Amino acid sequence: MITVTINGKKIALEKPVTILKAAEIAGIKIPTLCHHDMLEPYGGCRLCLVEIEKMPRLQTACTQYVTDGMVVWTETEKVVEARKGVLEFLLINHPLDCPYCDKAGECDLQDLVVKYGPATGRFAEGKRTHPESYDDPIIVRNMERCILCARCVRMCDKVQGASAISITNRSSKSFVEPFSGGEYNCEYCGNCLTVCPVGAIMSRLHKHAYRPWLIEKEVDTVCSFCGVGCSLTLQVRGNSIVRAVPKPGKGLNKGLLCNRGRFGYDYVGSTNRLDSPLIKKDGKLDRATWSEAFAYIANRLKKIKETYGSNSIAGIASGRCTNEDNYVFQKFMRVVLGTNNIDSVAGFAYAPAQKFFEGIFGQGVTANPMHGIANSDGIFVIGGDPTSVNPVLGLQVRAAHQKGVPVITSGYMQGLKMFSSKSLIPDTFTETTLLASLLTGLMKERPFCGLNSAFEKIIRDIQPVEIKEAEEICGITSKDISYAIDTLSVMTNPSIIIGRDILQRAEGHTNLLLLAALIYLLNGRIYLLSELPNEQGLVDMGCLPDMLPGGRPVTVDIFRKRYEEFFGVEIPSRSGLSLMEMIDAAHANKIKAMYVMGEDVVFNVPNTKYVKDALSKLDLLVVQDIFMTETANLADVVLPSLAWAEKEGSYTNLERRMQMLGKAVDGKGMDDWQAIAEISRMLGFDMDYKDSGDIISEMARVSPLHKDISYKDMADGECIWPYKGEPLRHGMSIEGIEMPDVKFPMIRPERKKIYIGMDNPLFHAESLSRNSAALHSIAPEPYVRINKALAHELSIANGDYVTITTNSGSIELSAQIDSDLPANIVLIPNNFDGKGVFAVMSWRMNPVIKSPAMDFTEAVIKKIKGAEVLT
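### A short note on the overall build of the protein chain
Link 1 in the chain: Summing up its helical and strand segments, the protein chain has 26 helices and 36 strands in all.
Link 2 in the chain: Considering only C-alpha atoms, the protein chain reaches an extent of 90 × 70 × 65 Å along its principal axes.
Link 3 in the chain: By the burial criterion, 62% of the 871 residues in the protein chain qualify as buried.
Link 4 in the chain: The long-range share in the protein chain, meaning contacts at least 24 apart out of those at least 6 apart in sequence, stands at 72%.

Next comes the structure, spelled out in structure tokens:
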């Protein structure tokens, strides 16, 4: 035990900490400008100087550690005079523009000058000048206000890992600038804004828009963009969100945000929002009342059910809707309409991957705390760049690498290019062979643990692939493959991070088996990348064709009977159709009605033309959304929903942590669950919910996994899997899991042909981000990413417009040249209206995991001459 005395107050500490931290524990405020809780101690500003008895000089509290018996004074005359002197030096060049500066009211320097002075300055020389920079789309820089605390530089370098800025020049000419000058051209996470203590780096979105004291309320909530579930606070004035800010130390993101979470909230206030129900009359969608729309939907659904049966109706849920919305939706489909035809895009990769791994390792195997990544002894990443898909999770990988943890990546991952011990980029669609080669090598290095003899037998039966064979097929040197095997073999508890790209292959089920074998050998922890904020919630709420809420199989009588007894209605015992099977069935006129809640099926499902044709054959298409999406344009009825910031409810993140949303503003739509409940009432089944709390209460009674959960548990941060419930604990088993017969060689792409794949841009998320003016300003147009050698062969330069043509369609895009991309594949994002990759991508059904295999779509690329570019 260490005892230290600060300002006469004795403090007992269990371990050594800095004086600054000890004072904070004791509730004593020591001023700082260069220190920040998210950064390492720096000792640069000298404002935290304190007097320590028996020490001749003042010491910096942020770097000096306490010792037993130490006596510290923080506000002596000597200390105050030193602080006043430091502030006087800072004000030599700092402009006195507080009435004009947007930072006024929350500026650390302003507060300290008010407290310590000086009242006047003694320096008569002119202040330095530097032009205000508007080079960046969402950040404005005023380096005249910079005090060179280096917070932003340290944040960008040591925490964000982008290393985009530095202190340039020397002495009074020092400024924080990008290395090459001009715009930052960075990841635009905005974390430099969080740590800047003055108005040197500010958001352009808020410039002269408001002052901190004009904020009327602050609402704590969870980000709406990806599956990490970052905590943030929405600042509201009137009925508008004016800013989204993190709270240092709060939530699993600990004060960090990505560009989407910090700046992308403005889609909520978009003028393109739906504000009235619409009913199609004479081929045109016309405005209608809520009662007219509900009556129309109920009557049409009733007639279709009576005429064609329950299985002629299908429902598609959304990972952007809350747990409460999705629970009510699946209940409506099963209990009211009598069908298990319910699915979502989670069925493309996330849900089948989780189901497969849980079938082998047990339920909850993917429920791992995100901070465990940085604390693991090794990391293997495959199937997607976490710094783009789940940016704050990706920072955990970067942090681990900076601590010396070995990181092996497989595939094209620009965000981890400088943060991997070995980057393996196999030739197009040859990842299966690479995985088999890694497994073959590891089996020679690592003995089986003996916990699951049946699975070990399956692993032994996998056809081995030697390193030389993998080198020939994958285009990776034997040396690199051997390095990866040797590095992986010494890991004792690594983090295995898996993205959806590795599963959306013809060999997707084989890749799952090979990954499961690697995980078993390495004793790895599984992290599934999740592109939607409530993708895990879709699974847990039962928005799957074969699962009830709480992860109970619908085909098992004992589980199904529990729900039937609770609702007083018989539930179909057979699994329903997957999303892709629904599209095929609609195309074949077997599905007559489809209810789509919050999902843009036309845009977010491959082969846009085929999907459009299928939906056009429906007798009834109902869409609930916040925007007039491509799917809504085809609908017979469109219902305006509430956006994430306009509703209360909960999301479940990729850790399986349930977190509350806070309602910040009012919207013109209706809660998704409320609209469904009203239609249900008209169909004769009364869902008596007064608010989202009633839904959670019912869920806590009917779902064994969610037994006794409450919003209080979520608010307290205690709602983490397995909650208070009863997960299925069958232990390690392979019973009921369909295992692929792994035989090599696999089908290989022809190296002379060009294939297309999907890019995951950092600045966009599905079609939602296109409605954010802020994110659109960073990345305003679609593109195609092309390998440097291929571009040279086709005489394509960076920025040239090209036509990409496949059997599914044709689009025109600007080219971005990238030397790290495999030579015979081009990557296109799926975010921009009419220009998404799914417009030209075909698919085949994977018969095992029932998700679309989206490889082997051949493309022809042709450069467009200047006069041919469409305007």
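### Here we look at the sheet that holds strand β17 (residues 379–382)
Link 1 in the chain: Here we have five strands laid out as an open sheet, ordered β19-β18-β17-β20-β21, and parallel in their pairing. In the strand order of this sheet, the two ends are held by β19 (422–424) and β21 (525–528), each with one partner. Taking the axes of each pair of neighbouring strands and ignoring which way they run, one obtains an average angle of 15° across the sheet.
Link 2 in the chain: Pairing geometry for strand β20 (residues 495–498) and β21, over four bridges, is parallel. Bridge assignment links S495 to a residue of β21, and that residue is R525.

### Thoughts on the packing of aromatic side chains
Link 1 in the chain: Summed over all chains, the structure comprises 17 aromatic pairs.
Link 2 in the chain: The interplanar angle of 40° and the centroid separation of 5.6 Å between the aromatic rings of W290 and F294 together place this pair among those described as tilted. With W290 and F294 both in helix α7 (residues 290–308), this residue pair falls four residues apart, about one helical turn.
Link 3 in the chain: For W290, a relative accessible area of 23% gives the class partly exposed.
Link 4 in the chain: Residue class for F294 comes out buried when judged on its relative accessible area of 5%.
Link 5 in the chain: Their ring planes at 40° and their centres at 5.1 Å tell us that F429 and F856 sit as a pair that is tilted. Here the residue F429 occupies a position in the loop between β19 and α12 (431–445), and F856 occupies one in the loop between β35 (852–853) and β36 (858–863), the gap between them amounting to 427 residues.
Link 6 in the chain: Under the relative-accessibility criterion, F856 is labelled partly exposed at 21%.
Link 7 in the chain: Grouped by ring-pair contacts, the aromatic residues F361, F448, F455 and Y520 constitute a single cluster.
Link 8 in the chain: The ring centre of F559 lies 5.7 Å from the NZ or CZ of R552, which sits over that ring.

### A look at empty space enclosed by the protein
Link 1 in the chain: Evaluated as defined, the whole model comprises nine cavities of 30 Å³ or more.
Link 2 in the chain: Roughly 370 Å³ of internal volume is contained in the largest cavity.
Link 3 in the chain: R500, E531, M758, N760 and E766 are, among the 30 residues lining the largest cavity, the residues nearest its centre.
Link 4 in the chain: The set of elements that each furnish at least two residues to the lining of the largest cavity consists of α9 (350–361) and α10 (386–389).
Link 5 in the chain: Residues of the lining of the largest cavity, tallied by class, amount to 16 nonpolar, eight polar and six charged.
Link 6 in the chain: Two domains each donate at least three residues to the lining of the largest cavity, and these are domain 4 (362–528) and domain 5 (755–865).

### Side note on the sheet that holds strand β26 (residues 637–640)
Link 1 in the chain: The strand order across the open sheet built from seven strands is β14-β13-β26-β25-β24-β15-β16, with neighbouring strands paired in mixed fashion. Here the strands that pair on one side only, and so sit at the sheet edges, are β14 (284–287) and β16 (342–343).
Link 2 in the chain: In the sheet, strand β15 (residues 313–316) pairs with β16 via two bridges, with the strands oriented parallel. Counted as the bridge partner of I316 is D343 from β16.

### Regarding the pairing of strand β8 (residues 175–178)
In summary, the side chains of a regular strand alternate between the two faces of the sheet.
Link 1 in the chain: Two elements, strand β7 (residues 165–168) and β8, share four bridges in a ladder whose sense is antiparallel. Bridged to S166 within β8 is E177.
Link 2 in the chain: Hairpin connection between β7 and β8: a loop of six residues separates the two successive antiparallel strands, and N169 in this loop has a positive phi of roughly 65°.

### Considerations on the domain arrangement of the protein chain
Link 1 in the chain: Looking at the protein chain, the domain boundaries give domain 1 (2–75), domain 2 (123–269), domain 3 (278–344 + 543–715), domain 4 (362–528) and domain 5 (755–865).
Link 2 in the chain: The centre of domain 2, based on its C-alpha atoms, is set 39 Å off from the matching centre of domain 3.
Link 3 in the chain: With 22 residues of domain 2 in contact, the opposing surface of domain 3 contributes 20 residues.
Link 4 in the chain: Taken together, the two surfaces of domain 2 and domain 3 that pack against each other cover about 1,600 Å², and 60% of this comes from carbon and sulfur.
Link 5 in the chain: Between domain 2 and domain 3 we count zero salt bridges in total.
Link 6 in the chain: Counting the contacts that link domain 2 with domain 3 gives nine residue pairs in polar contact (both at pLDDT 80 or more).
Link 7 in the chain: Mapped onto the side of domain 2 that touches domain 3, the elements with two or more residues apiece are β10 (217–222), β11 (231–237) and β12 (240–245).

### Some points on the nonpolar core
Link 1 in the chain: The biggest cluster of nonpolar side chains holds 141 residues, and the ones touching the most others in it are F357, F361, F380, I498 and W644.
Link 2 in the chain: When residues of this core are assigned to their parent elements, the largest contribution, 11 residues, is made by helix α16 (residues 508–522).
Link 3 in the chain: Beyond its immediate sequence surroundings of up to four residues, F380 is in contact with I408, S410, L435, L438, L488, S495, I496, I497, L515 and L518.

### A look at the side chain of S489
Link 1 in the chain: The topology assignment puts S489 in helix α15 (residues 478–489).
Link 2 in the chain: Among residues more than four places away in sequence, those in contact with S489 are L442, E445 and R446.

### Observations concerning helix α11 (residues 391–402)
Link 1 in the chain: Look at α11: 17 Å from first C-alpha to last across 12 residues, which is about the 16 Å you get at 1.5 Å a residue.
Link 2 in the chain: Across the 12 residues of α11, nine count as buried, placing the element largely inside the fold.
Link 3 in the chain: By the burial criterion, the buried members of α11 are P391, V392, L393, G394, L395, Q396, V397, R398 and A400.
Link 4 in the chain: Among the residues trailing α11, G404 stands out with phi positive, at a value near 95°.

### Some points on the pattern of salt bridges
Link 1 in the chain: For the coordinates displayed, the defined rule picks out 47 salt bridges.
Link 2 in the chain: Between E81 and K84 there is a salt bridge, with its nearest N and O atoms 4.0 Å apart. Placement of the pair is E81 and K84 together in helix α2 (residues 77–90), with a separation of three residues, close to one helical turn.
Link 3 in the chain: Classification of K84 as partly exposed rests on a relative accessible area of 30%.
Link 4 in the chain: Here K158 and D157 are joined by a salt bridge, their closest N and O atoms 3.9 Å apart.

Calculation notes
Residues numbered from 1 in each chain as written. Predicted model: local features only at pLDDT ≥ 70, side-chain atom pairs only at ≥ 80, totals over all residues. Heavy atoms only, no water. Helix = DSSP H or I, 4+ residues; strand = E, 2+ residues; numbered from the N terminus. Buried < 20%, exposed > 50% of the residue type's maximum accessible area, 1.4 Å probe, protein only. Contact = heavy atoms within 4.5 Å. Pairing = 2+ DSSP bridges. Axes fitted to C-alpha atoms, helices over the stretch in contact; angles between N-to-C directions. Phe/Tyr/Trp six-rings, centres within 6.5 Å; stacked < 30°, edge-to-face > 60°. Lys NZ or Arg CZ within 6 Å of the ring centre and 35° of its normal. 1 Å grid on protein atoms, 1.4 Å probe; cavity = no way out; pocket = protein on both sides within 12 Å on 5 of 7 lines; lining within 4 Å. Points joined across faces, edges and corners; volume = space filled by probe spheres on them. Nonpolar A, V, L, I, M, F, W, Y, C, P; charged D, E, K, R; others polar. Domains from an automatic or database assignment. Buried area = accessible area lost by both parts, 1.4 Å probe. Salt bridge = Lys/Arg side-chain N within 4 Å of Asp/Glu carboxyl O. Polar contact = N/O pair within 3.5 Å; in protein donor to acceptor, adjacent residues only side chain to side chain. Core = buried A, V, L, I, M, F, W, Y, C linked by side-chain atoms within 4.5 Å. Expected span 1.5 Å × (residues − 1).

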